[in-house]
Amino acid sequence: MPQWFEIADTSALDSPSLLIYKERVQHNIAQMIALAGSPERLFVHVKTNKMPAVVQMMVAKGITSFKCATIAEAEMTAANGGRQIVIAHQLVGPKRQRLLQLTEKFPDTVFYSLVDNFPTAQELAQIFSAAGKTACTLLDINNGMNRSGHLPDNEAVELYRQINRTAGICCEGIHAYDGHIRDADFQTRKEKIDSVFLSVEEIIRRLEQTGEKVPILIAGGTPAYTAHRLREDVYCSPGTCVLWDWGYGDTLTEQPFQYAALVLTRIISKPAPGLLSVDMGHKAIAAENPMDRRIRFLNLSDYELISQSEEHGVVRVADWEKWKVGDVLYGVPYHVCPTVNLYDEAYCIENGQMTAVWEITARRRRLSI
């Protein structure tokens with residue numbers, strides 16, 4: 001009986017390559033919606049998949065709100081059915097003009113960017129006001145990650161109000177990302193998430209006291225998803241769970257997702273007893289983590305990835321005699337998001353067969369805008 005990941009005929013599949021298992025993506029989308037209670041509660045982050053085909057699968061299940069990291073991701077998502085799109089960055093430089101162009105190209109989609117200070121908001125307002133438009137934004141709150149956002153204090157309340165008194169821009173809600181909280185024990189993780197979220201709730205309370213509305217509140221990512229989904233007034237923005245990976249799979253054990261993206265690599269040499277060389281170097285798998293946290297081979301046991309260069313990976317194995325040059329290995333990325341970003345396309349796998357080639361459109365920094 002073949003393993004779930006095994007492909008009946010790999011002769012036409014180049015290596016290294018990215019494999020996307022369609023049935024497992026469908027499972028993950030269904031589980032994501034089930035956890036949220038409805039597709040309307042989700043702003044799914046597309047930075048993980050970057051693929052029109054995957055976005056179309058989510059839209060077909062009723063998900064029309066998304067989060068993105070780049071203008072290119074936002075353009076790809078809008079072109080494939082996204083109707084509310086948060087660009088989870090404070091846009092500076094030419095990106096502000098590109099945002100305006102996005103709103104003009106996709107008038108049926110609402111685009112939000114993040115702001116955390118008034119001078120930047122004012123510059124964005126000037127660009128949109130000159131075009132007779134209003135920039136939609138969310139106030140980015142720093143509730144502990146210290147990566148972006150305004151501290152949750154009285155100045156944040158006044159900033160929200162000041163933006164809404166400025167022509168050419170509006171603030172329609174709050175964005176708070178707590179991706180720094182990743183404890184393996186769910187109860188510990190939830191307690192920490194709940195604790196830092198108190199400051200966000202206090203900001204909303206103060207805003208409502210001044211008469212301001214906060215129609216959109218987006219909190220967390222994949223690690224915090226199972227905590228924030230319990231808050232009825234919060235939109236959740238998981239992303240990695242659509243494809244899943246080894247890093248989150250081992251840590252977020254309460255989340256019911258399946259590996260849906262693998263890297264296929266081939267043995268290209270047996271340079272010395274006990275050593276296999278594969279065509280999986282830095283350019284084939286995310287390499288930001290130590291060597292022991294890059295890939296987990298599913299059809300190899302008792303092994304160690306001992307080195308990588310740009311196009312090669314060297315693996316020490318116990319059963320060296322078993323393997324021959326040309327054999328295929330299947331591996332789960334430790335971090336799937338930057339791994340996907342290394343490929344122009346992926347093979348779609350259904351029922352053990354390659355059925356399509358999916359373009360990873362939004363790995364590019366610029367599409368048409």
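Residues numbered from 1 in each chain as written. Predicted model: local features only at pLDDT ≥ 70, side-chain atom pairs only at ≥ 80, totals over all residues. Heavy atoms only, no water.

Asks: Before we go on, may I ask you to explain the pairing of strand E1 (residues 17-21) in this structure?
Replies: It is a general feature of regular strands that their side chains alternate between the two faces of the sheet. The buried fraction of E1 is high, at five of five residues. A two-sided burial pattern is seen for E1, the buried positions comprising Ser-17, Leu-19 and Tyr-21 on one face and Leu-18 and Ile-20 on the other. Two strands pair when backbone bridges link them, and E1 and strand E10 (residues 261-272) are joined in this way by four bridges, in the antiparallel orientation. Among the inter-strand pairings, Leu-18 is bridged to a residue of E10, identified as Val-263. Where E1 and strand E16 (residues 345-350) come together, four bridges link them in parallel fashion. Opposite Leu-19, over in E16, you have Tyr-347 as the bridge partner. (Buried < 20%, exposed > 50% of the residue type's maximum accessible area, 1.4 Å probe, protein only. Helix = DSSP H or I, 4+ residues; strand = E, 2+ residues; numbered from the N terminus. Pairing = 2+ DSSP bridges.)

Asks: Where do I start with the environment of Phe-118 in this structure?
Replies: Turning to its location among the elements, Phe-118 is positioned in helix H5 (residues 118-130). The exposure class of Phe-118 is buried, given its relative accessible area of 17%. Separated by 41 residues in the primary sequence, Phe-118 and Leu-159 place their C-alpha atoms 6.6 Å from one another. Residues in contact with Phe-118, not counting those within four places in the same chain, are Leu-159, Gln-162, Ile-163 and Thr-166. (Contact = heavy atoms within 4.5 Å.)

Asks: Just checking my understanding: could you explain the sheet that holds strand E2 (residues 44-45) for this structure?
Replies: The strands making up a sheet associate through backbone hydrogen bonding, with each pair oriented either parallel or antiparallel. The eight strands lie next to each other as E2-E3-E4-E5-E6-E7-E8-E9, forming an open sheet whose pairing is parallel. Sheet topology places E2 and strand E9 (235-236) at the edges, where each strand pairs with a single neighbour. By the bridge criterion, four bridges tie strand E7 (residues 169-176) to strand E8 (residues 216-219) in an arrangement that is parallel. When the sheet's bridge partners are listed, Ile-174 is paired in E8 with Leu-217.

Asks: Sorry if this is basic, but what is going on with the pattern of salt bridges here?
Replies: A side chain of one charge can pair with a side chain of the opposite charge when the charged atoms of the two come close. Per the stated rule, a full pass over the model turns up 17 salt bridges. A salt bridge links Arg-316 to Glu-304, with the shortest nitrogen-to-oxygen separation between them at 3.1 Å. Taken together, the residues span a long stretch of sequence, with Arg-316 in strand E14 (residues 313-317) and Glu-304 in strand E13 (residues 303-308) at a distance of 12 residues. With relative accessibility at 42%, the residue Arg-316 sits in the partly exposed group. Note on Glu-304: relative accessible area 44%, which makes it partly exposed. For Asp-327, the salt bridge is made with Lys-324, and the minimal N-O distance between the two is 3.0 Å. (Salt bridge = Lys/Arg side-chain N within 4 Å of Asp/Glu carboxyl O.)

Asks: Is there a simple way to think about the pairing of E16 in this case?
Replies: Pairing analysis gives six bridges linking E16 to strand E17 (residues 353-359), with the strands arranged antiparallel. Looking at the pairing, Ala-346 lines up with Trp-358 of E17. Between E16 and E17, which pair antiparallel and follow one another directly, the connecting turn spans two residues, one of which, Asn-351, has a positive phi of 50°.

Asks: Explain the packing of aromatic side chains to me, please; I cannot follow it from the model alone.
Replies: The geometry of two aromatic rings is summed up by the distance between their centres and the angle between their planes. All chains considered together, the criterion is met by nine aromatic pairs. Arranged with centres 5.1 Å apart and planes meeting at 70°, the rings of Trp-4 and Tyr-21 form a pair that is edge-to-face. Residue Trp-4 is found in the segment before E1, and its partner Tyr-21 is found in strand E1; the two are separated by 17 residues along the sequence. Aromatic pair Trp-246 and Tyr-334: ring centres 5.0 Å apart, planes at 85°, arrangement edge-to-face. Here Trp-246 is found in helix H9 (residues 246-251), whereas its partner Tyr-334 is found in the loop between strand E15 (328-333) and helix H10 (336-340), with 88 residues between them in sequence. With respect to burial, Trp-246 and Tyr-334 carry one shared label: buried. Three or more aromatic residues joined by ring pairs make a cluster, and in this case those are Trp-4, Phe-5, Tyr-21 and Tyr-330. The ring of Trp-4 carries the charged tip of Arg-24 above its face, separated from the ring centre by 3.5 Å. Sitting over the face of the ring of Trp-320, Lys-270 holds its NZ or CZ atom 4.2 Å from the ring centroid. (Phe/Tyr/Trp six-rings, centres within 6.5 Å; stacked < 30°, edge-to-face > 60°. Lys NZ or Arg CZ within 6 Å of the ring centre and 35° of its normal.)

Asks: How should the packing of helix H3 (residues 71-79) against helix H4 (residues 95-105) be read in this particular structure?
Replies: For any two helices packed against each other, one specifies the inter-axial angle together with the distance between the axes. Contact geometry of H3 with H4 gives a least axis separation of 11 Å together with a crossing angle of 5°. One way to sum up the angle between H3 and H4 is to call them roughly parallel. Touching Ile-71, Ala-72, Ala-74 and Glu-75 of H3 are Lys-95, Arg-98, Leu-99, Leu-102 and Lys-105, all from H4. Partitioned by chemical class, the residues of the contact of H3 with H4 number five nonpolar, no polar and four charged. (Axes fitted to C-alpha atoms, helices over the stretch in contact; angles between N-to-C directions. Parallel < 35°, antiparallel > 145°, perpendicular 65-115°, else oblique. Nonpolar A, V, L, I, M, F, W, Y, C, P; charged D, E, K, R; others polar.)

Asks: Quick question: what am I supposed to make of H4 here?
Replies: Given 3.6 residues per helical turn, the α-helix brings residues three or four places apart onto the same face. Those residues of H4 lying buried are Arg-96, Arg-98, Leu-99, Leu-100, Leu-102 and Thr-103. Where H4 is buried, its residues touch H3, strand E4 (84-87), strand E5 (110-115) and H5.

Asks: Where do I start with unusual backbone geometry in this structure?
Replies: Phi is mostly negative for residues that are not glycine, and the peptide bonds are mostly trans. The residue after Ser-15, namely Pro-16, is reached through a cis peptide bond having omega -5°. Relative to the helices and strands, Pro-16 resides in the segment before E1. For Trp-244, which is not a glycine, the phi torsion comes out positive at approximately 65°. Structurally, Trp-244 is set in the loop between E9 and H9. Despite not being glycine, Asn-351 has its phi angle at roughly 50°, a positive value. Within the secondary structure, Asn-351 sits in the loop between E16 and E17.

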